[in-house]
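# Structure assessment
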Amino acid sequence: MTQDYNFAFIDEGSKKEIRRKILKAVAIPGYQVPFGSRELPIARGWGTGGIQITLSIIGPDDTLKVIDQGCDGSVNAVNIKRFINAVTGTKTTTDTTTATIIQTRHRIPEEKMTEEQILVLQVPFPEALRTVEPSEMETRRMHGEADYSRMWLYLYEDIVKFREISIGARYPVMVNKRYIMDPSPIPRWDIPKLHLAETLYLFGAGREKRIYAIPPYTPVEPLEFEDFKFRVEDFKEAVCMRCGSNDTFLDEIINDTTGRRTYFCSDTGHCDKVLEAKRGEGS
Amino acid sequence: MGYVAVKGGTEAIEHSARLLTYERIKGNSEPLKIEQIKEQLVLLVDRVMGEGSLYSPGLAALAIKQSAGDTLEASLMLRAYRTTLPRIGYSIPESAREMRVIRRISAAFKDIPGGQILGPTSDYTLRLLDFELLNDSKGTREEYIKALLKDIESPAPGLQPLPETFPKVIEVLRKEGLLEESAGRQYPVVNNQNGSFDITRQSLSFPAPRSATLQAMARGETGGLLVLAYSNMRGYGDIHPVIGELRVGFLPVRIRHPYTGEPYTVGEIKVTEAEAIAKFTGKEGTPKFTLGYGLCFGHNEIKAISMAILDRAMQTEEPKMVSENQEFVLSHIDGIESMGFCNHWKLPHYVTFQSDLDRLRKAKEKSGFGNSEAGAGK
């Protein structure tokens, strides 16, 4: 496969264009930069925006980690990792701390990332305002004029109807006090990790042809009211059945036979590490 | 226990891919040759080249074979292959007036300059299953071709040989000043080598220039274009088109020599072109005709006509129906995008679902319905 295709699959001219668009995105935090999204041998909607970013910035010396739902071993993560590895020959890892580039769908790793790392997020809906306005022409105008009243009204009406903001994942955030941004369908649990982070976050929407970014140390605030604060998911007293963590985002598993609910860490790389450390202590 | 997918994902997808291949090859018949697909499933090849936006009958046939005939998958393979090819340059714009025509008809005039040429069409065939084909053989084919060529070589008296090119039917209307030019709704174009927008290099922004509109439709999914065009002509819209001219034929591909600038013909492509005429009342109240235009790779008349109708519909001054809304039409006709997104719902959404569960339980708790305590399962 590698012999027949250019390094990182995409031709150099296209990679250069994508890198230029990434730079523009970094220069305007939270602003969606249109780009000439290319088709990949993986279907649209399956992470092609993130993959295009990764392929455009990756070099032979990088170490790549790919997760889907926090998991390194899920079929989609494996498939993407296999593809990138086949066209670049780059090393892969499941360890958050040793990766230089992490591509992810729906999660930010539990372990703190550093300035030396880049997190690439796959984005299905780049437009946070799509919930209140279907037209792209109109949402671009709204961003241009920072006309966000309808979004605030939406949140307010939610509170009136449900006494709670009912948005689960994909919780809208204000980036650098200027643009409302869709953080991709990460849980609310991960939203605080975006604020003044050390790491560069790159967001790629392949089907919708948009790239946006949160550069390191950018203020990122979830939309909230003084009397109705943003809140992360509440797992009450639940702990991971496997590693015993009570400070991670958990997957709820329903037991086939008893119907009882149990919980496991969503971030499997982190779960492995905690478990290993505990075993080390025990021996 | 139900804890899945931590390990074993790699093996699972490898086994799955092997099974997929097995499904395609398990029968006892001879393996399909690329040549057979290329020559005998021409319309399928044309459709995949169009939607895959890569003119290569050989690669399209390979994709069709590999995907076991799934047009969306095959087109996706072509598009993905396209990504690996560098953009060398742009070809010189060609006028379809110079087309080497194999078929051209007009529904607007009984007699047109150059005459109606039916060419190869299924329009007037009876769609009866031809059981003779069950006994298809090389011999019967050779005889068929021999008979056909004999008739062509000794034409009936009085028949003229076909001219090289044909005049365009709509020129008649243009000369009379009955045709409102579509150019009025052109938007500023970000320049490329040949002055037209390139949707493979820039993402669409709305309102989109007409060159972008036509490109997006040319690689749109045939069924998707048809649905939207049909909605308009059926009543959710106001286009009652007359096919001014429909032609199928070959256009040369010419590029400029990088040093001398001289045009060179590097090949030719088969295309279908449709010009739909629709009546409208201009601002001054005088009724005029307007033109909707469609052109796509290969022989695909449904697609070209649907394109022409949508092109015209999207020029409606005050769009009301979905088929008149440029952003709506252009954002939803791409088969590669829509199939990918539709398929992606099969991917795990555990995290977002967990997040939604949390919100729902919270809302339920607050409104006093039921108990939402974790693990209770009341």
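Presented here is a report on the structure given in the accompanying data block. (Residues numbered from 1 in each chain as written. Chains lettered and ligands numbered in written order. Predicted model: local features only at pLDDT ≥ 70, side-chain atom pairs only at ≥ 80, totals over all residues. Heavy atoms only, no water.)

Broken down by element type, chain A carries six helices and 12 strands. Considering only C-alpha atoms, chain A reaches an extent of 55 × 50 × 35 Å along its principal axes. Residue burial in chain A is summarised as follows: out of 283 residues, 60% are buried. Pairs at least 24 apart in sequence give 62% of the contacts found in chain A among residues at least 6 apart. Here chain A has roughly 11500 Å² of accessible surface; of this, 53% comes from carbon and sulfur atoms. (Helix = DSSP H or I, 4+ residues; strand = E, 2+ residues; numbered from the N terminus. Buried < 20%, exposed > 50% of the residue type's maximum accessible area, 1.4 Å probe, protein only. Contact = heavy atoms within 4.5 Å. Areas by Shrake-Rupley, 256 points an atom, 1.4 Å probe, with all protein chains shown as cover.)

Now for a nonpolar patch on the surface. Residue and element names in this part refer to chain B. There is a patch of nonpolar side chains on the surface, built from Tyr144, Ile145, Leu148, Leu149 and Ile152 and spanning about 550 Å² of accessible area. Within the secondary structure layout, Leu149 lies in helix 6 (residues 138-153). Residue class for Leu149 comes out partly exposed when judged on its relative accessible area of 41%. (Patch = residues over 30% accessible without salt bridge, like charges linked within 9 Å, V, L, I, M, F, W, Y side chains within 5 Å. Salt bridge = Lys/Arg side-chain N within 4 Å of Asp/Glu carboxyl O.)

So, on to the pattern of salt bridges. All names here are of chain A. For the structure on display, the rule yields 56 salt bridges over all chains. Measuring nitrogen to oxygen at the nearest pair gives 3.6 Å for the salt bridge that ties Lys193 to Glu110. With Lys193 in the loop between strand 7 (179-181) and strand 8 (200-205) and Glu110 in the loop between strand 4 (101-105) and strand 5 (118-122), this pair connects stretches of sequence that are 83 residues apart. Take Lys193: its relative accessible area is 22%, and that puts it in the partly exposed class.

Geometry of an aromatic ring pair is reported as the spacing of the ring centres plus the angle between the planes. Taken as a whole, this structure holds 13 aromatic pairs over all chains when the rule is applied. Ring geometry for B:Tyr55 versus B:Phe297: centroids 5.1 Å apart, planes at 85°, classification edge-to-face. In this pair, B:Tyr55 is assigned in the loop between helix 3 (42-52) and helix 4 (57-66) and B:Phe297 in strand 5 (residues 287-297), connecting sequence segments 242 residues apart. Taken together through their ring pairs, the aromatic side chains of A:Trp189, A:Phe235, A:Phe249 and A:Tyr263 make up a single cluster. Residue placement shows A:Arg178 over the ring face of A:Tyr179; its charged tip is 4.2 Å from the ring centre. We note A:Arg207 situated over the ring of B:Phe341; from NZ or CZ to the ring centre the distance is 3.4 Å. (Phe/Tyr/Trp six-rings, centres within 6.5 Å; stacked < 30°, edge-to-face > 60°. Lys NZ or Arg CZ within 6 Å of the ring centre and 35° of its normal.)

Facing the 71 residues of chain A at the interface are 58 residues of chain B. Of the roughly 5300 Å² buried where chain A meets chain B, counting both sides, 57% is carbon and sulfur surface. The largest per-residue losses of area from chain A upon contact with chain B belong to A:Glu39, A:Trp46 and A:Arg261, which jointly make up 12% of the total buried on that side. Joining chain A to chain B, the criterion identifies eight salt bridges. The closest approach of N and O atoms between A:Glu39 and B:Arg219, which form a salt bridge, is 3.4 Å. (Buried area = accessible area lost by both parts, 1.4 Å probe.)

All names here are of chain A. Residue placement: Thr139 occurs in helix 4 (residues 136-144). Assessed through its relative accessible area of 0%, Thr139 is described here as buried. Engagement of the side chain of Thr139 in a polar contact is seen with the backbone oxygen of Glu136, the distance being 3.1 Å. When sequence neighbours within four positions are dropped, the list of residues in contact with Thr139 reads Glu127, Leu129, Arg130 and Glu133. (Polar contact = N/O pair within 3.5 Å; in protein donor to acceptor, adjacent residues only side chain to side chain.)

This part is about the sheet that holds strand 6 (residues 173-175) of chain A. By definition, the strands of a sheet pair up through backbone hydrogen bonds, in either a parallel or an antiparallel sense. Residue and element names in this part refer to chain A. Strand order in the open sheet formed by three strands is 7-6-10, with antiparallel pairing between adjacent strands. Every interior strand has two partners, whereas the edge strands, strand 7 and strand 10 (220-222), have only one. For this sheet, the mean inter-axis angle between neighbouring strands, taken without regard to orientation, is 35°. As defined by bridge partners, strand 6 adjoins strand 10 across three bridges and the pair is classed as antiparallel. Looking at strand 10, one finds that Val173 is bridged to Pro222. (Pairing = 2+ DSSP bridges. Axes fitted to C-alpha atoms, helices over the stretch in contact; angles between N-to-C directions.)

Quick look at the environment of B:Ile105 now. Tracing the backbone through its elements, the reader meets B:Ile105 in strand 1 (residues 100-105). In this structure, the C-alpha to C-alpha distance between B:Ile105 and B:Val248, residues 143 residues apart in sequence, is 9.3 Å.

What follows covers the environment of B:Gly249. Residues and elements named next belong to chain B. Within the element layout of this structure, Gly249 appears in strand 3 (residues 242-256). For the pair formed by Gly249 and Arg103, sequence separation is 146 residues and the distance between their alpha carbons is 6.7 Å. Not counting residues up to four positions away in its chain, the partners in contact with Gly249 are Met99, Arg100, Val101, Ile102, Ile269, Lys270 and Val271.

All names here are of chain A. If you trace the backbone, Asp158 turns up in helix 5 (residues 149-162). Within the buried set, Asp158 has no salt-bridge partner at all; the shortest N-O distance to an opposite charge, 5.2 Å, is to Lys161. Each residue touching Asp158, except ones within four places of it in the same chain, is listed here: Arg163, Glu164, Ile165, Ser166 and Ile167. (Lys, Arg positive; Asp, Glu negative; His and termini not counted.)

Here we come to the pairing of strand 4 of chain A. Residues and elements named next belong to chain A. Burial analysis of strand 4 places five of its five residues in the buried class, which makes it a mostly covered element. Here strand 4 shows two buried faces, one formed by Ile101, Gln103 and Arg105 and the other by Ile102 and Thr104. Where strand 2 (residues 63-68) meets strand 4, five bridges bridge the pair, whose relative direction is parallel. Bridging from a neighbouring strand, Ile67 pairs with Thr104 of strand 4. With four bridges joining them, strand 4 and strand 5 adopt parallel strand pairing. Bridged to Gln103 within strand 5 is Val120.

The values reported here are purely geometric and, on their own, carry no functional implication.
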